[in-house]
Each structure stands twice: as C-alpha cells, then as structure tokens.
Amino acid sequence: MKIKRHNTAIRFTHWVTAMSIFVLLFTGFGQMPVYKRYYVDQLPGLAWSSNFLATLYLHYLAAMALIFISAYYVTYLIVSKRWDIIPRRGDFKESMQIFASMLGLAEEPENDKYLAEQRLAFAVTAFSVMALIVTGILKVYKNLPGMEFSVGTVFWLAQIHNLFTVILLLSVIVHLAAFLIKANRPLVASMFTGYIDREYVIHRHAAWWDKLNKEHREAGLTSPPVHPEAVLIAEQGKSCLDKTGNSS
Amino acid sequence: MTMTRRSFLKRATISGIAAASIMTGAGKVLAGTRSTGNYAILHDLNKCDGCVHQDTPKCVLACRVKNELNFPQPQQPIKNYWPQPKHEDWSGKRHVTDRLTPYNWTYVQHLEVEHQGKKIEVHVPRKCMHCDNPPCSTLCPFGVNDKTAEGPVVINPKGCFGGAKCRDVCPWHIPQRQGGVGLYLEVVPDLAGGGVMYKCDMCHDLIKQGQQPACVNACPRNAIMFGPQYELHEYAQNWARQNQGYVYGDEENGGTANFYISMIPFEVINLAIIDQDLDGTTGRVDMAVNIENPLDEPGNILSGLLMAPVAGVLAAGISTYQIMKGGNDVED
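Given the structure is predicted, the values throughout are model-derived calculations rather than measurements.

Glancing now at the overall build of chain B. When you go through chain B residue by residue, the secondary structure sums to nine helices and ten strands. Long-range pairs, those at least 24 residues apart, make up 64% of the contacts in chain B with a sequence separation of at least 6. As presented, chain B carries roughly 15,900 Å² of accessible surface, and 54% of it is formed by carbon and sulfur atoms.

The structure is reproduced here in structure tokens:
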C-alpha cells in the first residue's frame, strides 16, 4: 500500500530546480579560471568548459530555468496554500531533538509531512536561491552595454553572489548527505514515483498520517487515500511508535 | 482543502500582479545608472615618430616613472600554478620596454608598412583600450576590475586573485600577470590563484585630480590627446572625414576610450603588426579591426530572463488549476 507524497507539480519543481542548480554551479564555477588550469577541459566532452562565453551563456540559460521554476513554485504555494515545507515556530528545537534521536539520546518527535530539519534546510536553500536570483539578475544588467554600476556595487554584488553560491552548494551537499542515513532513503524513490510506503508514513510521519486521515474524515470521504482501515492502522502505527521510539 | 474556480483565479491574478510589479520596479531603478562624462585618449599616428632617437619612447618612460610605486614587489620563490608546470614572473625582466608586462603598461610598435606603393614607418603606442563595455571588467569573478565613472578600466591589485581571466576575455589580451604577489598568497597559494594582473589605468588617480595621464604630458609631438570621450570621438570622426583617414577604437569591441587616427588603414597596420611585432606570446598586441563585443548582444538572454518568471506563474496557474479541478485535493 502506497501513499502519494509528491504530486507531479512538486516532482517537476524538484527536478527542474535540481538540474538547473547543477548546471548553474558547474558553469558558475567556470566563471573562475579553473577548468583550464585544473585540466577539466581535457576530460572527454568537457572541452567547452574552459570557454568563458560558453559557460556564461549556459549559466544564463540555466538561470532562466531556475527563475521559471521559482516563480512556478511560489505561485503554486500561494495558490494551493500547501505550506508543509515552510518552517514553523519551534522547528530549531525540534530538529535538535531529531539529531539527538539519531544518537539515541532522545525520542524522534512525531513528524509532519516534512521533518523540522527539512523545513529549516528548505528555508536556507530557498533564501539562497532567492539571493542568487536577485544578485544574478543585477549582474546580468551590469553586463549590458551602457550599464555602469558603481565600483562598490559591482564588488558587493559579486561577493554576495559568491557567498550564497557557497551556502547553496553546502545545502546541496547536506541534502545529498541526508541519504547516507538509511531512514531517509525511501524518500529518494518517492521523488521519482511520487509514492511512499504507508508503513513508512505511519512510522516516520505520524503527525502527517493523522492529518491525512483527519482531512479525509472531514471531507466525508469514505475511502481515505490509504486504506478503508486507515484510522485503525493509524492507531496501531502510533502504538508501534510508542513502543519502539524512533523505530523506523 | 477546497478551492473554487473563482478563488483560484483571484489568487492567481494577485500573484501575477505581484510578480509583474516587482519586475517593472526593478527596471525603473536600473534605468538611471548610465554614467556620463567619460574621458578618453587619442593617439595621432600621423604625429607619433616612436621617439626613435631615444633609448625608450617618452610616453613609455613617463608611464614607468609615474607607476613605479604601483609595480609588483613579489615574494620569491614564486611557485608554479599547480597542477600547471609554470608560473609568470617578470620581476627579473623589469627593464623590458618592447612589450606589455606587469612592469611596462605601454609600448610602441615600430612598423614598416607598404601603403599606395610607398614604404612608410608607422609607430603605434599600445595600451589598454578602456572599452565602453569591457569584458575584462564585467566578467571578473571577484568584481575587482572596474569601469570607473571617469572612463578608465581599473584593476584593484588588493582584490585581484591573478586568474588571468581578464587577459583571456580581452580581445587584445592586455592585462599581464605577475606571480608571487597579492591576495592569493593569503589563501591557498599552492593550489589556487596566480598573482595580480597589471595594465594601464589611464592614470586614474591623476584624472581624478583634474590632471592628464603621464603619457599625454610626456609626448614631445603632442601625438597623444586627452579629453572628454565624446569630444575626442567627434574630433577623430571629423579628422577622418576631412582627410580620408581612418579611426581605430571607436567601433572595436563595441566602442572604447582609446582612439587611434591614421592615414593608413588599420587593416594594413594590423598585417604589419602580425608580421613584425607579434611573437606568439602575451604582451604583444594585435590591432584587428571590427572586433565584436560578445556581451553586446544580450537581447534574447534578457527577454528570456524577464519572461521566465511570467512563464513560471502561468505554468503554475495551469498546474494548480488542474489539481483543483480534479475535485479532490488528495495529490493524485
């Protein structure tokens, strides 16, 4: 039995974002004279990487994709009002508890659709992307003929853009490193298929599970997204959590 | 969650208006940044005799004296640019005056050209062109190479990491690198960075004090002029029209603040440079005409960047409408 976790719009957003950020990071680093010096352009298929204009225009193209998908996602959030990924009060404390539970020092909290640390990581990533888009657009304006920014503006635009590049790169690394933890791995598949095991939800996302069932009861639906016995299973799921703590 | 079609449309419209107002607002702010009052230099090749009776042309000498304190003082030994088996060090060749180096920011090309059946000597003082939209400045990854409000393009030696990207993207490959000096020594000098890039800054400090560049004052034949860019541009155009002469630097790379005027076509001069001056290394400078500035064609890129958020909002509108039209909102 599977539960839908990521709809098409979210998977579309995720993968366009991922691919555009990958291209942006690669071509962005290529704006420094590194690929020639470190022989990256000697690798098969990467001869273009030391051509500053090639990487610049690829950077612009990928930036278009990222701006497109950012506008898409913000609009999606506003229209659909699905705020699951937005940080809440107490998330910092809760994510500390999750880290403590990994070390066996505390019980894992009952997680909603996203873990507190996921919501915080999302905020860092989203803010970095926003800062990079704003400074990036200003840098494109600067490159136009006839556009002359003051010396200080040019310097700080470059520094802020570079700083948030580093922050974004770190957040991408942390995001990927999360899958070193076995408990997180089923989420990789769900970002492709959209679906995740019901048992996983019951164990790892008890609060979301409750919410799903409540929504369905309120909507007067007799067939929940999960199973006719959803409520019963939810109770069992809870008791399973009670007994084993962060058993998942 | 429930949503009617009307509430959907309302929210979609609001987010669209918000996006549009952000974009147009940004456009207004940016429209006011174009600067005026740039200065320029003009080289009259009909007057320049290359100071052939001097050891060193006067303009080159004046430049070296004026900039003596700006020349690099590298720490020895200078390491190779790992993993490349090389580094750039001109500190042992400070006396070189017949090419651009970190210690020589202008040099004179002494050429013999054939024009209308006659052999003519031509002398071309070379230095940074101070482009209107300089790729070296706009593409500097650290934002430390500036097109100043006065016109000169100036590299900040304190912020330069010496990657030499500016030299690569400059159509004339003007900036020259000295290793063993600058910011990279404070970071990981064994692995990254290469020194500091040096080139003519049109004596930016003197211009800001209301004075002329050193080379202009030094020229015994008044072959180098200094003044507002539009005035010198107009002077060059008028001179060329009245004398059936030629101008270099007005169109090249989208326009520069360093003009040359000559009775001999610059195609001919460039052929002589290729033949008599270039030696396959950096620091010897060609004079190709009609160089296009790759950054001067941003039209499609810009409209793409401006259309991207609009397309995103519209696409999201379609997506969310489809989800909601489905009647249930269970993410199916």
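Next comes the rest of the account.
The next thing to look at is the side chain of Thr138(B). Along the chain, the position of Thr138(B) falls in helix H3 (residues 135-138). Residues in contact with Thr138(B), not counting those within four places in the same chain, are Lys142(A), Asn143(A), Asn133(B) and Leu295(B).

Turning to the packing of aromatic side chains, a few remarks are in order. Tallied over the entire structure, the rule returns 19 aromatic pairs over all chains. Grouped by ring-pair contacts, the aromatic residues Phe71(B), Tyr103(B), Trp105(B) and Tyr198(B) constitute a single cluster. Sitting above the plane of the Tyr114(A) ring, Arg5(A) keeps its charged end 4.9 Å from the centroid. The residue whose ring lies beneath Lys93(B) is Trp90(B), and the NZ or CZ to ring-centre distance is 4.6 Å.

Let us now look at the packing of helix H3 (residues 91-102) of chain A against helix H4 (residues 116-143) of chain A. Residue and element names in this part refer to chain A. Packing of H3 against H4 brings their axes to within 8 Å, and their N-to-C directions diverge by 125°. When the axis of H3 is compared with that of H4, the two are oblique. Pair H3 / H4 crosses with left-handed handedness. Residues Asp91, Phe92, Glu94, Ser95, Ile98, Phe99 and Met102 of H3 touch H4, and the partners they reach there are Ala116, Glu117, Arg119 and Leu120. Split by residue class, the contact of H3 with H4 holds six nonpolar, one polar and four charged.

Residues and elements named next belong to chain B. The final tally for this structure, using the stated rule, is ten salt bridges over all chains. When the shortest N-O distance is used, the salt bridge between lysine 79 and aspartate 190 registers 3.0 Å. In this pair, lysine 79 is assigned in the loop between helix H2 (58-66) and strand S2 (107-115) and aspartate 190 in the loop between strand S6 (176-178) and strand S7 (196-198), connecting sequence segments 111 residues apart. A residue is classified by how much of its surface remains accessible, and lysine 79, at 51% relative accessible area, is exposed. Residues joined by salt bridges that share partners form a network here, namely Glu88, Arg167 and Arg177.

Before going further, it helps to examine H3(A). Residue and element names in this part refer to chain A. Under the 1.5 Å per step criterion, the end-to-end length of H3 is 16 Å for twelve residues, consistent within 8% with the ideal 16 Å. Those residues of H3 that sit buried are Asp91, Ser95, Ile98, Ala100 and Ser101. Where H3 is buried, its residues meet H4. Just downstream of H3, glycine 104 is the residue with a positive phi angle, here 75°.

A separate point is the confidence of the model for chain B. All names here are of chain B. Averaged over all residues, the pLDDT of chain B is 86; the fraction at 70 or higher stands at 86%. Confidence scores differ between elements of chain B, with helix H1 (residues 5-31) showing the lowest mean pLDDT of 45 and S7 the highest of 98. Confidence over residues 12-35 falls short of pLDDT 50; this stretch has 20 contacts with residues more than four positions distant or in other chains.

What follows deals with the interface of chain B and chain A. Contacts between the two partners involve 64 residues from chain B, matched on the other side by 49 residues from chain A. For the pair chain B and chain A, the two sides together bury roughly 5,000 Å², of which 64% comes from carbon and sulfur. At the junction of chain B with chain A, the criterion picks out zero salt bridges. For the interface between chain B and chain A, the tally reads twelve residue pairs in polar contact (both at pLDDT 80 or more). The set of elements that each furnish at least two residues to the side of chain B that touches chain A consists of H1, H3, strand S4 (145-147), helix H4 (165-169) and helix H9 (299-325) of chain B.

On to the packing of helix H1 (residues 8-29) of chain A against helix H6 (residues 186-193) of chain A, then. The axes of two packed helices give the description: the angle between them and the distance between them. Residue and element names in this part refer to chain A. At a minimum axis distance of 8 Å, the contact between H1 and H6 shows a crossing angle of 105°. By the angle between their directions, the pair H1 and H6 is classed as roughly perpendicular. Along its contact with H1, which presents Ile10, Arg11, His14 and Trp15, the element H6 presents Ser190, Met191, Phe192 and Thr193. Looking at the contact of H1 with H6, its residues break down into four nonpolar, three polar and one charged.

Looking now at the environment of Tyr200(A). Residue and element names in this part refer to chain A. The topology assignment puts tyrosine 200 in helix H7 (residues 198-204). Tyrosine 200 gets classed as buried once you look at its relative accessible area, which sits at 10%. For the pair formed by tyrosine 200 and alanine 183, sequence separation is 17 residues and the distance between their alpha carbons is 9.1 Å. Setting aside residues up to four positions removed in sequence, tyrosine 200 forms contacts with Ala183, Asn184, Pro186, Leu187 and His205.

A few words on the sheet that holds strand S9 (residues 246-248) of chain B. Residue and element names in this part refer to chain B. Taking strand neighbours across the sheet as the criterion, the four strands line up as S8-S1-S10-S9 in an open arrangement whose pairing is mixed. One side of each edge strand has no neighbouring strand; the edge strands of this open sheet are strand S8 (224-228) and S9. For this sheet the average axis-to-axis angle between neighbouring strands, irrespective of direction, equals 25°. Where strand S1 (residues 39-44) and strand S10 (residues 258-262) come together, four bridges link them in parallel fashion. Considered in S10, the bridge of histidine 43 is made with tyrosine 260. Where helix H7 (residues 229-243) meets the sheet, its contacts fall on S1, S8, S9 and S10, and the angle it forms with S8 comes to roughly 125°. Against the sheet, helix H8 (residues 266-276) touches S9 and S10, its axis set at about 100° to S10.

Position of Gln244(B) among the secondary structure elements: in the loop between H7 and S9. Each C-alpha atom, one on Gln244(B) and one on Ile264(B), is 9.6 Å from the other, the two residues being 20 residues apart in sequence.

Here we come to the nonpolar core. Ranked by size, the top nonpolar core spans 39 residues in total, and within it Val124(B), Trp172(B), Tyr248(B), Tyr260(B), Ile269(B) and Met287(B) carry the most contacts. Sort the elements by how many residues they give to this core and H8(B) lands first, with four residues.

All names here are of chain A. Side chains of Phe92, Met96, Phe99, Met102, Leu103, Leu105, Leu180 and Ile181 sit close together on the surface and give an oily, nonpolar patch of about 880 Å² of accessible area. Tracing the chain through its elements places leucine 103 in the loop between H3 and H4. Given a relative accessible area of 66%, leucine 103 falls into the exposed group.

Criteria and thresholds
- Residues numbered from 1 in each chain as written.
- Chains lettered and ligands numbered in written order.
- Predicted model: local features only at pLDDT ≥ 70, side-chain atom pairs only at ≥ 80, totals over all residues.
- Heavy atoms only, no water.
- Helix = DSSP H or I, 4+ residues; strand = E, 2+ residues; numbered from the N terminus.
- Contact = heavy atoms within 4.5 Å.
- Areas by Shrake-Rupley, 256 points an atom, 1.4 Å probe, with all protein chains shown as cover.
- Phe/Tyr/Trp six-rings, centres within 6.5 Å; stacked < 30°, edge-to-face > 60°.
- Lys NZ or Arg CZ within 6 Å of the ring centre and 35° of its normal.
- Axes fitted to C-alpha atoms, helices over the stretch in contact; angles between N-to-C directions.
- Parallel < 35°, antiparallel > 145°, perpendicular 65-115°, else oblique.
- Left-handed = near helix turned anticlockwise from the far one by under 90°.
- Nonpolar A, V, L, I, M, F, W, Y, C, P; charged D, E, K, R; others polar.
- Salt bridge = Lys/Arg side-chain N within 4 Å of Asp/Glu carboxyl O.
- Buried < 20%, exposed > 50% of the residue type's maximum accessible area, 1.4 Å probe, protein only.
- Expected span 1.5 Å × (residues − 1).
- pLDDT = per-residue confidence, 0-100.
- Buried area = accessible area lost by both parts, 1.4 Å probe.
- Polar contact = N/O pair within 3.5 Å; in protein donor to acceptor, adjacent residues only side chain to side chain.
- Pairing = 2+ DSSP bridges.
- Core = buried A, V, L, I, M, F, W, Y, C linked by side-chain atoms within 4.5 Å.
- Patch = residues over 30% accessible without salt bridge, like charges linked within 9 Å, V, L, I, M, F, W, Y side chains within 5 Å.

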